[in-house]
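Chain by chain, the residues run as shown.
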Amino acid sequence: QQEKALFLINSKMQEITLQQQQAASILAETSSQIGSFLRFDQHGRPAQMGKIIVTVQSAHGLLHLDPALPPSPYVIISLDQQIEMTAVAPHTRNPIWEKECVFDVPDKECKLVLSVLDRSIMGPAKTVLLGKAALALDVVPNHDVQDWYDLSTDEFGTIKQHAGSIRVRRLFVPLAKWGEFERDRMARGGAPRDEGRVGKDQVGDKASRKDASTPIPPADKQVIAGLYMAVLSGTGLAAPGQPQSKATANVKFDLGDHVGETNAKSYKSSLVWGDEADEFFMPTVDMRQKLRLYLTVHQEGNTERAAFMALNVSGFPFGEVYEDWHEMDINAGFYNLDPRVRLAFYRTHPLDNVPDKSVTCVYCGRDLPSQFQAAHLSVACSKFAIDCPHARVGCTWHGPRLGLENHVVKCPFEKLREAIYATTSEIQGIQGLLSDSAAGDARRNLEVADLNAMSAITPRLFKTYTGHKKPVTCMAGIKSTRQLASADEAGMIKLWSMQGDGELDSFRAHTGEVLCLHFTPEFPSKVFSGGAFPDDTIKIWDNSDFHCERKMLGGGNNFAINDLAALRVTAGQMEDSRLFSVDDSALLRAWDVETGTCIQSTPGHELGIKAVIARDQQIITGSLDMSARIWDVRTLEHVATLDCIGDSVMALDFVQDWVLCAGTNSVKVWDITTRRLYRVLDGCRWPILFQDGLLYCAIHDSAQDIKVFDASHVDPKNWKVLDLLKGHSADVTALEWFNGTLCSASVDKTIKLWRAEP
């Protein structure tokens, strides 16, 4: 019995020991799991420091505000004043971004805010909120967790109207394990994260293509860039019902050596600034510094800081206006406030001995640094007026950009948006059916007449010219001398023989970048060139020996000359020699070729004009404001507008009775007679060229390649892709047809010659 009792005791002890081991294992596992999550204590402080990796993957079912055009969405990701931005996904309700962001764990409990914006409705410098989501950070695991989150149309991210869904992956890495995590990711083949690279809307200017992917050096290295800031408005600045009749408030800031403050306003809950005195230009800023802003209240001789915030300026996107609301932290004594301010920022690319030159705004007359012209016009210029987005359906409002949002709220056409655009879509559908019927009749007539159709033969690469030290920007074929002229960013013009002799001559034409070369048989002895800062002039060259006959100050105020078109204008028995120029000042100018004097200028567009062509006594211009406009060549009176919603117009060309408007992600085909959009070639971009029934254009996703269309058919809906020309290693910048040869220039500093095989 004693042995039996002893055996039972030992068995029980073993069972207890096993249970203790299991309990210890469960406790260790639980402790490990608890430590692997980001948590905040009862005081709102994080339990441990580290990094949060957020990957914005995709979205689904976004709002479709304009029935005529899908949205072009992008996302701004913010976490406690840390800001990142995805690229723009053109014309889709179901975008894919796969943008990875790394944030420091904030020192207080807050939310990750995702704002989905549309770039295609309000123009290139304004945005429309498609949806917003605010995600809590109380439990973020140390392993990849991805999920779909609902978007709402409310500014604060609360659900008011379902606006689609966004897919986000989150991961928390404790600070002690960050180095190990980075090494493991590198070992798995992952690239180290570029902290400064931010997705960018391809505006399409010639400088942005080369610099859009410029990375920021490590945080311990000094990086100098320019920063523009405008304080637009604020809400929740005063406690509800609190009388503040004698108090005033303003926003002060400091950023290194730069300090400033807005105008003082009567203190109340909501304030509007946004005047020219409330914008600030900081030409040289160390990107490692923080921008600190303070809401300051002045009352009875006392000044108090009611709220404050700090922003990392290195997170702002390059080369475009970023505008959003930012929450402020409150100071003691102002507990009933919920302050938020709306700020606009514009950040230049890192500076490299760029001269800081002051220019004068041609609209309001204000002096400002040259690199901030676009931001000033887009945000705070009081004299730069634009039309209502509903102007094409009858709204006559015309005013400053800052007044647009208030107008849209009251605009009767905004309230009838859905009905108007539904009717417009129905009318366009009927027109399409009628056009299809007419096109079918035309095709049958062509078949009956048995017209000779061109046999499309695509060219092949047979020669490459090298010699430029900088990217090639433009070309012109000079038929009178049988020479090809090319220009580059260094201001050099080179002359090439098409007979196989290569480079014939080289000279410096401008002290800055040459943006355009123009030759026309109407002026067989002349070549025209346009330059950029610091030599923003137009020059007329005698092409027999290339001496400069005329030099005219083009846009002035450092506005680059983007394109030129020359034409002989007839008026009765008289014939005048005219040169038309367009530049970033948004003006269309007419020059007398013989005397070099400016005959006339007119405001052409709301933003910089990038292209101009002339034919049949008409001028057509294309602009960053997403439109092309037709002008009378004699009077420069506006005849019609071609509304290219969703894309800038960077290049223009004629194909029979059609006009092509090429942007950064599409080529739109317009009927020049009815001025109706007939077809959109998605995925194509500028430059474009039509010759002998073939249409050549660059590709949006692969700008170093050239797509070839058979455009010989009278109906553009029957144009088909024939081939893809590969040869360049960087973006194609210019296309020219000369001496039976397709010539293409590129950022890779080469010129390639293509000929059809017999």
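See the structure above.
Parameters at a glance
Residues numbered from 1 in each chain as written. Predicted model: local features only at pLDDT ≥ 70, side-chain atom pairs only at ≥ 80, totals over all residues. Heavy atoms only, no water. Helix = DSSP H or I, 4+ residues; strand = E, 2+ residues; numbered from the N terminus. Buried < 20%, exposed > 50% of the residue type's maximum accessible area, 1.4 Å probe, protein only. Contact = heavy atoms within 4.5 Å. Areas by Shrake-Rupley, 256 points an atom, 1.4 Å probe, with all protein chains shown as cover. Pairing = 2+ DSSP bridges. Axes fitted to C-alpha atoms, helices over the stretch in contact; angles between N-to-C directions. Salt bridge = Lys/Arg side-chain N within 4 Å of Asp/Glu carboxyl O. Core = buried A, V, L, I, M, F, W, Y, C linked by side-chain atoms within 4.5 Å. Phe/Tyr/Trp six-rings, centres within 6.5 Å; stacked < 30°, edge-to-face > 60°.

Asks: Any chance you could explain the overall build of the chain here in plain terms?
Replies: For the chain, the count of helices and strands is seven helices and 51 strands. When the 758 residues of the chain are sorted by exposure, 53% land in the buried category. Considering only contacts in the chain between residues 6 or more positions apart, those separated by 24 or more positions represent 54%. For the chain, the exposed surface amounts to about 34,300 Å²; the carbon and sulfur share of it is 50%.

Asks: Would you take a moment to explain unusual backbone geometry for this structure?
Replies: Most peptide bonds are trans, and most residues other than glycine sit at a negative phi. Residues Trp686 and Pro687 are joined by a peptide bond in cis, for which omega reads 0°. Counting through the fold element by element, Pro687 comes out in strand 45 (residues 684-691). A positive phi is found at Met626, a non-glycine position, where the angle reads about 70°. Positionally, Met626 belongs in the loop between strand 38 (618-623) and strand 39 (627-632).

Asks: How should the sheet that holds strand 46 (residues 694-699) be read in this particular structure?
Replies: Paired through backbone hydrogen bonds, the strands of a sheet run either parallel or antiparallel to each other. Taken in spatial order, the four strands line up as 45-46-47-48 in an open sheet, and their pairing is antiparallel. Looking at strand neighbours, the two that pair on one side only are strand 45 and strand 48 (720-725), the edges of this open sheet. Averaged over all pairs of adjacent strands, the angle between their axes in this sheet comes to 25°, without regard to strand direction. Inspection of the sheet shows strand 46 paired to strand 47 (residues 706-710) by five bridges, in the antiparallel sense. Opposite Leu694, over in strand 47, you have Asp710 as the bridge partner.

Asks: Help me out: how do you make sense of the sheet that holds strand 42 (residues 658-662) in this one?
Replies: Pairing within the open sheet is antiparallel, and its four strands lie in the order 41-42-43-44. Edge positions in the sheet fall to strand 41 (651-655) and strand 44 (676-682), since each has one partner strand and no second. Neighbour-to-neighbour, the strand axes of the sheet open up by a mean angle of 25°, direction not taken into account. Pairing between strand 42 and strand 43 (residues 666-671): five bridges, direction antiparallel. Note on strand 43: the bridge partner recorded for Ala662 is Val667.

Asks: Help me out: how do you make sense of the pattern of salt bridges in this one?
Replies: Pairing of side chains with opposite charge becomes possible as their charged atoms draw close. Here the structure, examined in full by the defined rule, presents 13 salt bridges. Notably, a salt bridge pairs Glu503 with Lys494, separated by 3.2 Å at the nearest N-O pair. Assessed through its relative accessible area of 36%, Glu503 is described here as partly exposed. Connected through salt bridges with shared partners, the residues Asp576, Arg578 and Asp592 form a single ionic network.

Asks: Please clarify how the environment of Ser378 should be interpreted in this entry.
Replies: Mapped onto the elements of the fold, Ser378 is located in helix 4 (residues 373-379). Judged by relative accessible area, which is 7%, Ser378 ranks as buried. In sequence terms Ser378 and Arg401 are 23 residues apart; their C-alpha atoms lie 7.2 Å from each other.

Asks: Before we go on, may I ask you to explain the side chain of Ser165 in this structure?
Replies: Relative to the assigned elements, Ser165 resides in strand 8 (residues 162-174). Aside from chain neighbours lying at most four places away, what touches Ser165 is Ala59, His60, Trp148, Tyr149, Asp150 and Leu151.

Asks: Mind showing me how you'd approach the nonpolar core here?
Replies: As a rule of thumb, soluble globular proteins bury nonpolar side chains together. Of all hydrophobic cores here, the largest spans 45 residues; its most connected members are Tyr228, Val379, Leu660, Val667, Ile688, Leu695 and Trp719. Filtering out sequence-adjacent residues up to four positions away, Leu695 remains in contact with Leu660, Leu681, Leu689, Phe690, Lys707, Val708, Phe709, Ala711 and Trp719.

Asks: I would appreciate a short explanation of the packing of aromatic side chains in the present structure.
Replies: How two aromatic rings sit relative to each other is given by the distance of their centres and the angle of their planes. Per the counting criterion, the structure on display carries twelve aromatic pairs. A centroid spacing of 5.4 Å and a plane angle of 55° characterise the contact between Phe507 and Trp541, whose relative ring orientation is tilted. With Phe507 in strand 28 (residues 502-508) and Trp541 in strand 31 (residues 537-542), this residue pair connects regions lying 34 residues apart in the sequence. A single burial state applies to Phe507 and to Trp541, both of which are buried. The interplanar angle of 90° and the centroid separation of 6.1 Å between the aromatic rings of Phe523 and Phe528 together place this pair among those described as edge-to-face.

Asks: Teacher, can you tell me more about the environment of Leu588 here?
Replies: Position of Leu588 relative to the elements: it lies in strand 35 (residues 587-592). Accessibility expressed as a relative area gives 0% for Leu588, which makes it buried. Taking C-alpha positions, Leu588 is 8.0 Å from Ile609, a pair spaced 21 residues apart along the chain. In contact with Leu588, other than residues within four places in its own chain, are Phe580, Ser581, Val582, Gln600, Ser601, Thr602, Gly604, Ile609, Ile619, Thr621, Trp631 and Leu636.

Asks: Sorry if this is basic, but what is going on with the pairing of strand 29 (residues 514-518) here?
Replies: Across a regular strand the side chains alternate sides, sitting on one face of the sheet and then on the other. Counted residue by residue, strand 29 has five buried out of five residues, so it is predominantly covered. Across four bridges, the pairing between strand 29 and strand 30 (residues 526-531) is antiparallel. For Val514, the partnering residue across the bridge sits in strand 30 and is Gly531.

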